[in-house]
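One-letter residues, chain by chain:
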Amino acid sequence: MIFNRELLRKYFIMGSQNCHRDPNAVLEEALAAGITTFQFREKGTGSLSGEKKLQLGRELRERCRAHDVPFFINDDIELAEELEVDGIHVGQDDMPVKEVRTRFSDKIIGLSISTQEELDRSPLELVDYIGVGPIFTTSTKEDSKQTVGLEWIHTIRAQFPDIPIVAIGGIQTENAHSAIEAGADGVSFITAVTEADDIKEAADKL
Ligand SMILES: Cc1ncc(COP(=O)(O)OP(=O)(O)O)c(N)n1
Ligand SMILES: Cc1nc(C(=O)O)sc1CCOP(=O)(O)O
Ligand SMILES: [Mg+2]
């Protein structure tokens, strides 16, 4: 799949641990509501592993394929091949981007950036986009770094006018637009959808 920054506009991330009901149903509603990319992030308390994780990944991957929406995986490089992903997202403590790019020259690769030091030391030429956050307070990621605020988007945009940026962390329907106005190409979110009473309404507002 060829990357373009439009894919970042409504970037939904989910694992079964984020869901109070069947994750297949949640994803299906989100796809119908127009998310532009999906990331399978099966991680942390209550998440699946082994064969169950793989099976859920297969189910969700098929739903994305049916809607022609890119299917990304978080962290799990071993599953990337098995699930025939379109893209892989890694953070600063995951497999080094240089190694991911060497192994997957044709995949979309995203990298998390939370500090100036990470920005300075990361091989940005090897990635297609950066995930910038946590912009607002979040409790969804158990080990999230210090909240950086909208200013961080401005700071990065000033240094890298053209780099594709997706904002992440505490993104909700009320604040998503402020991240776009600050210079992000899109917003990434978990609970804005998984906790929504009406997923279509939430996705429309995002
Ligand atoms: C789009 C996007 N941005 C950031 C992250 C966070 O990745 P990481 O820092 O590796 O943390 P975990 O998600 O692995 O807990 C992401 N997954 N997606
Ligand atoms: C997966 C993730 N990464 C973050 C980062 O700062 O890199 S914050 C986060 C959790 C996002 O969940 P919610 O939309 O419910 O706040
Ligand atoms: Mg990670």
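Basis of the calculations
What you see as residue numbers is a count from 1 along each chain, following the sequence as written. Lettering of chains starts at A and numbering of ligands starts at 1, both following the order in which they are written. The model is predicted, so local features are restricted to residues of pLDDT at least 70 and side-chain atom pairs to those at 80 or more, both for listing and for counting; the totals for chains, interfaces and linings are taken over all residues. The side-chain quantities take in all heavy atoms of the structure and omit both hydrogens and water. UniProt positions are given in the numbering used here, feature names are shortened, and annotations may be inferred rather than shown by experiment. Being near a molecule or strand, for a residue, means having at least one of its heavy atoms within 4 Å of it. In protein, a polar contact means a hydrogen-donor-capable atom and an acceptor-capable atom, both N or O and within 3.5 Å, with residues adjacent in sequence counting only if both atoms are side-chain atoms; elsewhere, any N or O pair within 3.5 Å suffices. We get accessible surface area from the Shrake-Rupley algorithm with a probe of 1.4 Å; when it comes to residues, only the shown protein chains can shield them. Charged residues are taken to be Asp, Glu, Lys and Arg, nonpolar residues to be Ala, Val, Leu, Ile, Met, Phe, Trp, Tyr, Cys and Pro, and polar residues to be all remaining types, Gly included. Here the rule is simple: two strands pair whenever DSSP picks up at least two bridges between them. A helix here means a DSSP run of H or I that spans at least four residues, while a strand means a run of E at least two residues long, and both kinds are numbered starting from the N terminus. Between N-to-C directions, angles span 0 to 180 degrees; the directions come from axes that are lines fitted to C-alpha atoms, helices contributing only their stretch in contact. Any two residues having at least one pair of non-hydrogen atoms within 4.5 Å are treated as being in contact. Between buried and exposed lies partly exposed: a residue is buried under 20% and exposed over 50% of the maximum accessible area for its type, with that area taken using a 1.4 Å probe on protein chains only. Here is how to tell: hold the view so the strands point away, follow the path from the first strand over the helix to the second, and if it runs clockwise the crossover is right-handed.

You'll find the protein chain entered in an unreviewed UniProt entry as Thiamine-phosphate synthase, with Oceanobacillus oncorhynchi given as the organism. In UniProt, the protein chain has this text filed under Sequence similarities (unreviewed entry): "Belongs to the thiamine-phosphate synthase family." A UniProt comment under Pathway (unreviewed entry) is attached to the protein chain, and it reads "Cofactor biosynthesis; thiamine diphosphate biosynthesis; thiamine phosphate from 4-amino-2-methyl-5-diphosphomethylpyrimidine and 4-methyl-5-(2-phosphoethyl)-thiazole: step 1/1."

In the neighbourhood of ligand 2, the contacting residues comprise Arg41, Gly133, Pro134, Thr138, Thr140, Lys141, Ile168, Gly169, Gly170, Phe189, Ile190 and Thr191. For ligand 2, an oxygen atom lies 2.7 Å from a polar atom in the side chain of Thr138. One of the backbone nitrogen or oxygen atoms of Gly170 is found 2.8 Å away from an oxygen atom of ligand 2. Considered on its own, ligand 2 offers 430 Å² of accessible surface; in the complex 94% of this is hidden by protein. Each residue belonging to the shell around ligand 2 can be placed in one class, and the counts come to four nonpolar, six polar and two charged.

It is worth spelling out the sheet that holds strand 1 (residues 10–14) at this point. Strand order in the closed barrel formed by eight strands is 1-2-3-4-5-6-7-8, and the pairing between neighbours is parallel. The sheet shows a mean angle of 25 degrees between the axes of neighbouring strands, direction not considered. Here strand 5 (residues 108–113) pairs with strand 6 (residues 129–132) via four bridges, running parallel. Within the sheet, the bridge partner assigned to Ser112 lies in strand 6 and is Gly131. The sheet strands contacting helix 1 (residues 23–32) are strand 1 and strand 2 (37–40), and the helix crosses strand 1 at an angle near 180 degrees. The strands that helix 2 (residues 50–66) touches are strand 1, strand 2 and strand 3 (71–74); relative to strand 2, the one it contacts most, it runs at about 175 degrees.

By the alternation rule, side chains of strand 8 (residues 186–189) split into Gly186 and Ser188 and Val187 and Phe189, which are all buried. Where strand 1 lies against strand 8, three bridges are found, and the strand directions are parallel. Its bridge partner being in strand 8, Lys10 is matched across the sheet by Val187. Where strand 7 (residues 165–168) and strand 8 come together, three bridges link them in parallel fashion. Within strand 8, the position partnered with Ala167 by the bridge is Val187. Remark: the strand 7/helix 7 (residues 176–181)/strand 8 crossover connection has right-handed handedness.

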